[in-house]
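Commentary on secondary and tertiary structure
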Amino acid sequence: MKNEVQSGEEFPEKRCTQKPVAISDLTHKILETDKQYDLSKIVSAYQFAKQAHGSQTRSSGEPYIIHPLSVAMILVDLGMDTDTICVGLLHDVVEDTEYTLDDIRKKFGQDVAVLVDGVTKLNRIPIFDKEQQQAENVRKILLAMSHDIRVMIIKLADRIHNMRTLCFLPPAKQRRIALETMNVYAPIAHRLGIRTVKEELEDLSFYYLDSFAYAEIEHIMEIKKDEREAFIGSIKERIRKRLAQEHFAKEPIIEGRVKSIYGIYKGVYGAQEYGSDFR
């Protein structure tokens, strides 16, 4: 089952899970939510970031602004506030452009500037991913430096998009970033209780660390999809009938989920938690 991918080997398929987005996608997503947002401030942050990044491009060849836009979209999905979404759009401006923190403070206020500064400082922390103890120390440093937990959530959103577009990087760099993500960022998401982020980071990392095992589990899951959904549905119905006897004032919400691909790998094949077996 274990078929570790070494530098230079081919993956079963080129896998990128992120489609290009535009400001209209972000505004539409915001308007669909129940939360109150300062849309004009968010659009202003987008325009500032777009001007700041100018002609910069990503490894995919796409305009760089696609990255902060995608990060902002993820932050909306996580239910974050206006200032956090603005920072999602602005998080690379100070590090990658000629604009300064004072420029951001004057334009968007102290709260946004403090968050941008926090993310910029996190980006400068060296990551050691070869030893589990070192990874634990890095996790503690990252969390300790995030005086405002929104800084860490922005960093996680940034990492999600980078993982979704990892296919455009060379294999050796893919593996290094995937290992770093598995050992450092996925556990932080777990500690913060953001299961969806944890599982996506683990699955994306697992694909690049052991792509053939990933593909095999994914194939089996697809084959048994109908059977699995029927089983979950039957269990939910049994629970619903049992709860109906208790006469709750409001009907409880019952949800079922399938374990993530990496979660299945850990459970069935005995992988050590958070990728320590991929060193």
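Just so it is clear, the model here is predicted, and its values are computed rather than measured.

With respect to the overall build of the chain
Within the chain, the secondary structure is distributed over 14 helices and zero strands. Starting at the N terminus and ending at the C terminus, the chain contains elements arranged as α-α-α-α-α-α-α-α-α-α-α-α-α-α. In the chain, which comprises 279 residues, the share counted as buried stands at 47%. Here the contacts in the chain between residues at least 6 apart in sequence split such that 73% fall between residues at least 24 apart. Accessible surface computed for the chain: about 14,600 Å², of which carbon and sulfur atoms make up 50%.

Let's talk about helix H2 (residues 39-53)
Across its 15 residues, H2 extends 21 Å between first and last C-alpha, which sits within 8% of the 21 Å expected from 1.5 Å per residue. Along H2, the positions that sit buried rather than exposed are Ile-42, Ser-44, Ala-45, Tyr-46, Phe-48, Ala-49, Ala-52 and His-53. Tucked inside the fold, the buried residues of H2 contact helix H1 (23-32), helix H3 (66-77), helix H4 (82-90), helix H5 (93-96) and helix H6 (101-108).

Examining the nonpolar core
One finds Leu-26, Leu-90, Ile-104, Leu-142, Leu-156 and Phe-206 to be the most contacted residues of the largest nonpolar core, which totals 73 residues. Broken down by element, this core gets its largest block of residues, nine residues, from helix H10 (residues 171-191).

Side note on the pattern of salt bridges
What the rule picks out here adds up to 13 salt bridges. A salt bridge links Asp-102 to Arg-105; its shortest N-O distance comes to 2.5 Å. Of this pair, Asp-102 and Arg-105 are both found in helix H6, three residues apart, which corresponds to roughly one turn of the helix. Judged by its relative accessible area of 44%, Asp-102 is partly exposed. By relative accessible area, which is 29% here, Arg-105 ends up partly exposed.

Let's talk about the packing of H10 against helix H11 (residues 195-209)
Two elements in contact, H10 and H11, have axes whose closest approach is 8 Å; the angle formed by their N-to-C orientations is 160 degrees. The angle between the axes of H10 and H11 places the two elements in the roughly antiparallel class. Where H10 crosses over H11, the two elements pack in a sense that is left-handed. Contacts from Gln-174, Arg-175, Ala-178, Leu-179, Thr-181, Met-182, Tyr-185, Ala-186, Ala-189 and His-190 of H10 reach H11 at Val-197, Lys-198, Leu-201, Glu-202, Ser-205, Phe-206, Tyr-208 and Leu-209. Across the contact of H10 with H11, the residue classes break down as 11 nonpolar, four polar and three charged.

With respect to the environment of Pro-63
Here Pro-63 is to be found in the loop between H2 and H3. Take Pro-63: its relative accessible area is 46%, and that puts it in the partly exposed class. Distance from Pro-63 to Lys-50, taken between C-alpha atoms, is 9.1 Å for residues 13 residues apart in sequence. If near-sequence neighbours (up to four positions away) are discounted, Pro-63 is found in contact with Gln-56, Thr-57 and Arg-58.

Structural notes on helix H14 (residues 261-269)
Within the sequence span of H14, burial applies to Ile-261, Tyr-262, Gly-263, Tyr-265 and Lys-266. Against H10, H11 and helix H12 (211-223) lie the buried residues of H14.

Focus on the side chain of Lys-155
Structurally, the position occupied by Lys-155 is in helix H9 (residues 149-164). In contact with Lys-155, not counting residues within four places along its chain, are Leu-122, Asn-123 and Tyr-185.

Details of the packing of aromatic side chains
Overall, the coordinates contain eight aromatic pairs when judged by the stated rule. Summarising the aromatic geometry, the rings of Tyr-262 and Tyr-265 are spaced 6.1 Å apart at their centres and angled 25 degrees between planes, so their arrangement reads as stacked. You can see Tyr-262 and its partner Tyr-265 sitting in helix H14, three residues apart, about one turn around the helix. Take Tyr-262 and Tyr-265: they sit in the same class, and that class is buried. Among the aromatic side chains, those forming a connected cluster through ring pairs are Phe-206, Tyr-207, Tyr-208, Tyr-214, Tyr-262 and Tyr-265. The ring of Tyr-64 carries Arg-58 above its face, with NZ or CZ at 6.0 Å from the centroid.

Conventions adopted
Residues numbered from 1 in each chain as written. Predicted model: local features only at pLDDT ≥ 70, side-chain atom pairs only at ≥ 80, totals over all residues. Heavy atoms only, no water. Helix = DSSP H or I, 4+ residues; strand = E, 2+ residues; numbered from the N terminus. Buried < 20%, exposed > 50% of the residue type's maximum accessible area, 1.4 Å probe, protein only. Contact = heavy atoms within 4.5 Å. Areas by Shrake-Rupley, 256 points an atom, 1.4 Å probe, with all protein chains shown as cover. Expected span 1.5 Å × (residues − 1). Core = buried A, V, L, I, M, F, W, Y, C linked by side-chain atoms within 4.5 Å. Salt bridge = Lys/Arg side-chain N within 4 Å of Asp/Glu carboxyl O. Axes fitted to C-alpha atoms, helices over the stretch in contact; angles between N-to-C directions. Parallel < 35°, antiparallel > 145°, perpendicular 65-115°, else oblique. Left-handed = near helix turned anticlockwise from the far one by under 90°. Nonpolar A, V, L, I, M, F, W, Y, C, P; charged D, E, K, R; others polar. Phe/Tyr/Trp six-rings, centres within 6.5 Å; stacked < 30°, edge-to-face > 60°. Lys NZ or Arg CZ within 6 Å of the ring centre and 35° of its normal.

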